[in-house]
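Chains, contacts and geometry: an overview
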Amino acid sequence: MVILLLFLPLLLLLLLAAGVFSMGVGLWVICNNILTVAIPAAVSHPMRLRVLHCLFQLIETWGYIFEKLRICSMCQFVRFIHDLKPLKKDPDVMFTDLRFGSIPVKLYWPKAPTCTPRPGIVFYHGGGGVIGSLKTHHAIFTRLCKESDSVVLAVGYRQLPMHGVSTIKRDCIVATIHFLRSLDTYGVDPDRVVVCGDSLGGTAAAMICERLMNTPNLPRIRAHILVYAVLQSLDFQLPSCQQNQNVPLLSSEFVFYCVCCLLDISPSWKNAIMKGAHLPAEVWAKYKKWLDPENIPERFKKSYRPVAHAPLNEDVYLETRSILNSTYSPLLIEDNIMSQYPEACIVSCEHDFFRDHSLLYKKRLEDLGVPVTWHHIEDGFHGALTTLDMGCFYFPCSTRILNAMTHFIKKL
């Protein structure tokens, strides 16, 4: 008892200090949000978006603090908080957790019986390889399954920092192949298998189209759906990058955090990459035909100012040249390969750092004769689809994105 009384003042002092520090962190996040975040006027609920982004920044900031204290990485903390949300069940949809080897997946199927095989959707969730999970996208999988009357396989690929990009790629490929070999088991029509993803998941979907093209003894992918996908990692001065660098839910700061994690490089290279000093002139010249802003319609170039590439920094190039690989930049696939891609449905959002990736990819596919269905969400922003079941943080554009996806699938 005496010892407890001696340490009680110290304990109270520590609790008080922790409370003051927490309030300071919250105040800093709020001030930073007000001063630096740009809320587009066209967004349907601007204050709602500001508050949502503020909450995300608060979780992210605590993640950085824990990372500095070596308790856990920022992304592990953010994923932990996001996954605390309980999963909602839909009376019309069944789902179960499975493992394809060491890869966790979730299978969704409509409860109503059917006499004919259903379409199959392989979904790779977004999050830049650092956040996002099967839980954060559960409502998307459920609604997509129900409204398109499809069997949905959600791939829970292993993420950074515990696993590298090669593991993410391998998990997506292996899970997809396993599903394609088991379509009869899941009641899926082999002629209507779609790969789909949002953000980095869209990168994975495009990569799968290349990797599994003309693979013997596997059904051919019927179509791919890309929702505000990340399709190149070379040019960070496209019109949408300049226009939306401080727009929620994806700021340029978080983009480069993800880039550094994916490439396993130092954040100190950010300025060199932003200025284009990470690639030699001949590389820029080679890919200009596909990355040139001239390929983007004029109405998407609000206040755009072309930026000349800085002289090559050899050190940065040596560390970042892997971005030329199709794993990071599916937009750079050669014409003879991309021309064989399956039909595409592309959803772009006006207020998205990566908007122009979708526009450039759309043009490439159309120029090569690949059928493209394009939906542009004028009041949309990166990550909008994940607000589908967020209650007071729901945005109507999320439903329009889902409707575009389901309408496309039903037409196949």
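My aim in this report is to walk through the structure given alongside it, one point at a time. (Residues numbered from 1 in each chain as written. Predicted model: local features only at pLDDT ≥ 70, side-chain atom pairs only at ≥ 80, totals over all residues. Heavy atoms only, no water.)

To continue, consider a nonpolar patch on the surface. Together, Ile-30, Ile-34 and Leu-35 line one region of the surface with nonpolar side chains, adding up to about 330 Å² of accessible area. Tracing the chain through its elements places Ile-30 in helix α1 (residues 2-36). What makes Ile-30 partly exposed here is its relative accessible area of 42%. (Patch = residues over 30% accessible without salt bridge, like charges linked within 9 Å, V, L, I, M, F, W, Y side chains within 5 Å. Areas by Shrake-Rupley, 256 points an atom, 1.4 Å probe, with all protein chains shown as cover. Salt bridge = Lys/Arg side-chain N within 4 Å of Asp/Glu carboxyl O. Helix = DSSP H or I, 4+ residues; strand = E, 2+ residues; numbered from the N terminus. Buried < 20%, exposed > 50% of the residue type's maximum accessible area, 1.4 Å probe, protein only.)

Attention now goes to empty space enclosed by the protein. Within the structure shown, the criterion is met by 2 cavities of 30 Å³ or more. There is about 50 Å³ of room inside the largest cavity. In terms of lining residues, the largest cavity is bounded by Ile-208, Cys-209, Leu-212, Met-213, Asn-214, Arg-220, Ile-221, Gln-340 and Pro-342. Looking at the lining of the largest cavity residue by residue, the classes come out as 6 nonpolar, 2 polar and 1 charged. (1 Å grid on protein atoms, 1.4 Å probe; cavity = no way out; pocket = protein on both sides within 12 Å on 5 of 7 lines; lining within 4 Å. Points joined across faces, edges and corners; volume = space filled by probe spheres on them. Nonpolar A, V, L, I, M, F, W, Y, C, P; charged D, E, K, R; others polar.)

This part is about the pairing of strand β2 (residues 103-110). Counting buried positions along β2 gives 6 out of 8 residues, so the element sits mostly inside the fold. Taken together, the 8 bridges between strand β1 (residues 93-100) and β2 define a ladder with antiparallel strand orientation. Paired with Phe-100 across the strands is Ile-103, a residue of β2. In this structure, the hairpin formed by β1 and β2 is closed by a connection of 2 residues, where Gly-101 is found at a positive phi of approximately 70°. Across 4 bridges, the pairing between β2 and strand β4 (residues 151-155) is antiparallel. Each residue of the ladder has a partner; that of Tyr-108, found in β4, is Val-152. (Pairing = 2+ DSSP bridges.)

Moving on: unusual backbone geometry. Note: most peptide bonds trans; most residues except glycine with negative phi. Pro-161 follows Leu-160 through a cis peptide bond whose omega is 0°. As for its placement among the helices and strands, Pro-161 is situated in the loop between β4 and α5 (165-180). You will see that Ser-303, though not glycine, has its phi angle at about 55°, which is positive.

Interaxial distance between helix α2 (residues 46-68) and helix α3 (residues 74-82) falls to 7 Å at its minimum, and their mutual angle equals 135°. The angle between α2 and α3 falls in the class oblique. In the packing of α2 onto α3, the handedness of the crossing is right-handed. For the pair formed by α2 and α3, the contact residues are Phe-56, Ile-59, Glu-60, Trp-62, Gly-63, Tyr-64, Phe-66 and Glu-67 on the first element and Met-74, Phe-77, Val-78, Ile-81 and His-82 on the second. Each residue belonging to the contact of α2 with α3 can be placed in one class, and the counts come to 9 nonpolar, 2 polar and 2 charged. (Axes fitted to C-alpha atoms, helices over the stretch in contact; angles between N-to-C directions. Parallel < 35°, antiparallel > 145°, perpendicular 65-115°, else oblique. Left-handed = near helix turned anticlockwise from the far one by under 90°. Contact = heavy atoms within 4.5 Å.)

Attention now moves to the sheet that holds strand β3 (residues 118-124). Spatially, 8 strands are ordered β1-β2-β4-β3-β5-β6-β7-β8 in an open sheet, and the strand pairing comes out mixed. A single partner strand is all that each edge strand has here, and the edge strands are β1 and β8 (372-381). With strand direction ignored, the average angle separating the axes of adjacent strands in the sheet is 20°. Two strands pair when backbone bridges link them, and β3 and β4 are joined in this way by 5 bridges, in the parallel orientation. Across the sheet, residue Tyr-124 finds its bridge partner in β4, namely Val-155.

Another aspect to go through is the packing of aromatic side chains. A complete count under the given rule lists 14 aromatic pairs for this structure. Here Phe-56 and Phe-254 contribute two aromatic rings whose centre-to-centre distance is 5.6 Å and whose plane-to-plane angle is 80°, an arrangement assigned as edge-to-face. On the criterion of sequence distance, the pair formed by Phe-56 in helix α2 and Phe-254 in helix α9 (residues 252-263) is long-range, its members being 198 residues apart. This pair shows no difference in class: Phe-56 is buried, exactly as Phe-254 is. Relative to Phe-256, the ring of Phe-236 lies with its centre 4.9 Å away and its plane at 45°, an arrangement referred to as tilted. Of this pair, Phe-236 sits in the loop between β6 (223-227) and α8 (239-243) while Phe-256 is found in helix α9, placing the two residues 20 residues apart along the sequence. Ring-pair connections join several aromatic residues into one group, and the members of that group are Phe-56, Tyr-64, Phe-254 and Tyr-257. (Phe/Tyr/Trp six-rings, centres within 6.5 Å; stacked < 30°, edge-to-face > 60°.)

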